[in-house]
Amino acid sequence: SLFPKIFLCTYLARFVALFVNFVILRKYVFHSRGRFSAVAFKYCMIVAISGFVSSVAIEYFHNVAGFNIVLSKITAELLLYLIIFVAQKEFVFRKQEK
């Protein structure tokens, strides 16, 4: 196969969650009023980048550090959680200047 199974699984899971998460984050968490298309594009970029970084981190923890796959996934996602949240707050759903 062209890509390892971890990459495929990570992107498939993120694609399924993409729409629900976007609506919840935009409307209820960050209360964004930015242009829908611009915010959606930035959000998709963050999802793609974080998915790639997550996959690389999971591969590292599993193959290099020797963690089992479940612990690798949990560790990678916990380490990325704060970074992704701040990126969404400051870059994707940033409040409009008045």
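Look up: the structure comes first, before these words.
Below is a summary of the structure that appears in this document.

**Considerations on the environment of V53**
Considering the arrangement of structural elements, one finds V53 in helix 2 (residues 36–64). The class of V53 is partly exposed, set by a relative accessible area of 36%. Linking V53 and L80, residues 27 residues apart in sequence, is a C-alpha distance of 8.4 Å.

**Considerations on unusual backbone geometry**
Unlike most non-glycine residues, H31 shows phi in positive territory, near 50 degrees. For H31, the position within the fold is in the loop between helix 1 (5–29) and helix 2. Judged by relative accessible area, which is 48%, H31 ranks as partly exposed.

Conventions used here
- Residues numbered from 1 in each chain as written.
- Predicted model: local features only at pLDDT ≥ 70, side-chain atom pairs only at ≥ 80, totals over all residues.
- Heavy atoms only, no water.
- Helix = DSSP H or I, 4+ residues; strand = E, 2+ residues; numbered from the N terminus.
- Buried < 20%, exposed > 50% of the residue type's maximum accessible area, 1.4 Å probe, protein only.

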